[in-house]
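# Examination of the molecular architecture
Chain by chain, the residues:
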Amino acid sequence: MSEKLERLSQLLAEKLGDRVKQTVVAHSEVTIVVAAADYAAVALQLRDDPAFRFEIAVDLTGIDYSAYSGREDGPRFAVSVHLLSVSNNQRLRLRAFVENDDFPVLDSLCEVWPGINWFEREAFDMFGIMFSGHPDLRRILTDYGFVGYPFRKDFPISGYVEMRYDQEQGRVVYQPVTIEPRENTPRIVRDENYGNVGHG
């Protein structure tokens with residue numbers, strides 16, 4: 001671990017204390033995991049504390065750990081926020097696990113970083129994670145009548161419904177999926193001597 005990452009890790013431990021449940025340093029980045037209850041307060045401190053000054057939330061995404069090995073007993077959903085401090089030339093990943101798998105909710109960070117608005121809407125639309133206090137939480141990528149959350153691991157590959165324009169009704173209609181399930185196994189087609197050096 002570089003000296004800079006070690007300093008950041010120590011500073012996070014000193015300033016945030018028990019609120020940091022786990023610190024991971026991998027691939028030249030620091031990730032801290034906090035409880036859902038501390039998520040918004042930690043985010044605010046990461047932005048405002050002069051020692052951190054993470055002015056920019058670069059990205060936010062939802063995560064579905066349902067099929068991830070080693071997490072069978074833990075919460076299913078999490079949110080990961082990538083932060084950037086231009087002032088201190090540092091990056092940080094903030095992660096919080098959602099407490100209720102059946103109705104996943106976290107506090108919105110729109111008050112902390114207004115630009116995170118659409119990222120939270122995307123996490124809601126794709127993973128079904130709700131953000132308490134979000135000013136306009138509605139679908140952003142799928143249609144208003146869309147059923148389910150496409151990035152969840154249990155969402156079927158072909159979806160539940162398909163839509164089409166019905167000429168007789170003069171509008172878009174929804175109907176059960178009519179695509180036959182199929183396996184897409186790629187065929188590898190190569191010359192018999194492919195990769196053999198010396199054959200010309």
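The structure displayed is predicted, hence computed values, not measured ones. Per chain, residue numbering runs from 1 following the sequence as it is written. In keeping with the model being predicted, local features are shown solely for residues with a pLDDT of at least 70 and side-chain atom pairs are shown and tallied solely at 80 or more, while totals for entire chains, interfaces and linings include all residues. For side-chain calculations, the full set of non-hydrogen atoms in the structure is used, while hydrogens and water are omitted.

Bringing the overall build of the protein into the picture now. Per the convention used, a helix needs a DSSP run of H or I reaching at least four residues, while a strand needs a run of E reaching at least two, with both numbered from the N terminus. Broken down by element type, the protein carries three helices and nine strands. Sequence-ordered secondary structure for the protein, helices as α and strands as β, is α-β-β-α-β-β-β-β-α-β-β-β. Only protein chains enter the accessibility calculation, which uses a 1.4 Å probe; a residue whose area is less than 20% of its type maximum is buried, one above 50% is exposed, and one in between is partly exposed. Burial status across the protein gives 35% buried among its 200 residues. Sequence separation of 24 or more characterises 49% of the internal contacts of the protein that already satisfy a separation of 6 or more. Here the Shrake-Rupley method, with its probe set to 1.4 Å, supplies the accessible areas, and only the displayed protein chains count as covering residues. With the model as given, the accessible surface of the protein reaches about 12,800 Å², and the carbon-plus-sulfur share is 50%. Should any heavy atoms of two residues lie within 4.5 Å, those residues are counted as being in contact.

Pairing of aromatic rings covers Phe, Tyr and Trp, the last through its six-membered ring, and needs centres within 6.5 Å; plane angles under 30 degrees mean stacked, over 60 mean edge-to-face, and all others mean tilted. Applying the stated criterion to the full structure yields five aromatic pairs. Taking 6.5 Å as the distance between ring centres and 25 degrees as the angle between the ring planes, the aromatic pair formed by Phe52 and Phe54 counts as stacked. Exposure class is identical for Phe52 and Phe54. Each is buried. Of note, Arg121 hangs over the ring of Trp118, and the distance from its end group to the ring centre comes to 5.7 Å. Both a distance and an angle decide whether a charge sits over a ring: NZ of Lys or CZ of Arg must be within 6 Å of the ring centre and within 35 degrees of the ring normal.

Each strand in a sheet pairs with its neighbour through backbone hydrogen bonds, running either in the same direction (parallel) or in the opposite one (antiparallel). An order of 1-2-5-4-3 is seen for the five strands of this open sheet, with the pairing classed as mixed. For this open sheet the edge positions go to strand 1 (20–26) and strand 3 (56–64), each flanked by a neighbour on one side alone. Sheet twist, expressed as the average angle between the axes of neighbouring strands with direction ignored, equals 20 degrees. The pairing of strand 1 with strand 2 (residues 29–34) spans six bridges and is antiparallel. Following the sheet pairing, Val24 is matched in strand 2 by Thr31. In this description, strands pair whenever DSSP reports at least two bridges between them. Fitted lines through C-alpha atoms give the axes, limited to the stretch in contact for helices. The angle between two N-to-C directions lies from 0 to 180 degrees.

What follows concerns the pattern of salt bridges. In what follows, salt bridge is the name for a side-chain nitrogen of Lys or Arg lying within 4 Å of a carboxyl oxygen of Asp or Glu. One pass over the full model with this rule turns up nine salt bridges. Close ionic contact of Arg47 with Asp48 constitutes a salt bridge, the shortest N to O distance being 2.6 Å. Overall, the relative accessible area of 26% leaves Arg47 in the partly exposed class. Residue classification places Asp48 among the partly exposed positions, given a relative accessible area of 44%. Taking the shortest distance from any N to any O, the salt bridge between Asp166 and Arg164 comes out at 3.4 Å. Overlapping salt bridges, with partners in common, bring together Asp64, Arg76 and Asp154 in one network.

Moving on: a nonpolar patch on the surface. On the surface, Val147, Tyr160, Val161, Met163, Tyr165, Val172 and Tyr174 cluster together into a nonpolar patch covering about 660 Å² of accessible area. Elements with a contribution of two residues or more to the nonpolar patch: strand 8 (161–166) and strand 9 (171–176). It is strand 8 that contributes the most residues to the nonpolar patch, three residues altogether. Tracing the chain through its elements places Tyr160 in the loop between strand 7 (130–132) and strand 8. Put simply, a patch holds well-exposed residues, over 30% relative accessible area, that have no salt bridge, with like charges counted together within 9 Å and Val, Leu, Ile, Met, Phe, Trp or Tyr side chains within 5 Å.

Attention now goes to the nonpolar core. What makes a nonpolar core is a set of buried Ala, Val, Leu, Ile, Met, Phe, Trp, Tyr and Cys residues whose side-chain atoms join them at distances within 4.5 Å. Within the largest apolar cluster, 36 residues are counted, with the highest numbers of intra-cluster contacts made by Leu12, Ile32, Tyr39, Leu46, Val81, Leu83 and Leu94. Contributions of two or more residues to this core are made by helix 1 (3–16), strand 2, helix 2 (39–48), strand 3, strand 4 (77–85), strand 5 (90–97) and helix 3 (117–127). Not counting chain neighbours up to four residues away, the residues in contact with Ile32 comprise Leu12, Leu16, Val20, Gln22, Thr23, Val42, Leu46, Leu92, Arg93, Leu94 and Arg95. If you look at the next biggest cluster of nonpolar residues, it comprises five residues, including Val33, Ile63, Tyr65 and Ala78.

With that settled, the discussion passes to the packing of helix 1 against helix 2. One way to put it is that helix 1 packs onto helix 2 with a least axis distance of 12 Å and a crossing angle of 120 degrees. Classified by the interaxial angle, the pair formed by helix 1 and helix 2 is oblique. Crossing hand, helix 1 versus helix 2: right-handed. Contacts from Leu12, Lys15 and Leu16 of helix 1 reach helix 2 at Val42, Gln45 and Leu46. For this classification, the nonpolar set comprises Ala, Val, Leu, Ile, Met, Phe, Trp, Tyr, Cys and Pro, the charged set comprises Asp, Glu, Lys and Arg, and every other residue, Gly included, is treated as polar. Of the residues in the contact of helix 1 with helix 2, the class split is four nonpolar, one polar and one charged. Throughout this description, any angle smaller than 35 degrees is read as roughly parallel, any larger than 145 degrees as roughly antiparallel, any in the 65 to 115 degree range as roughly perpendicular, and the remainder as oblique. Take the far helix as your reference; a near helix turned counterclockwise from it by less than a right angle gives a left-handed crossing, and one turned clockwise gives a right-handed crossing.

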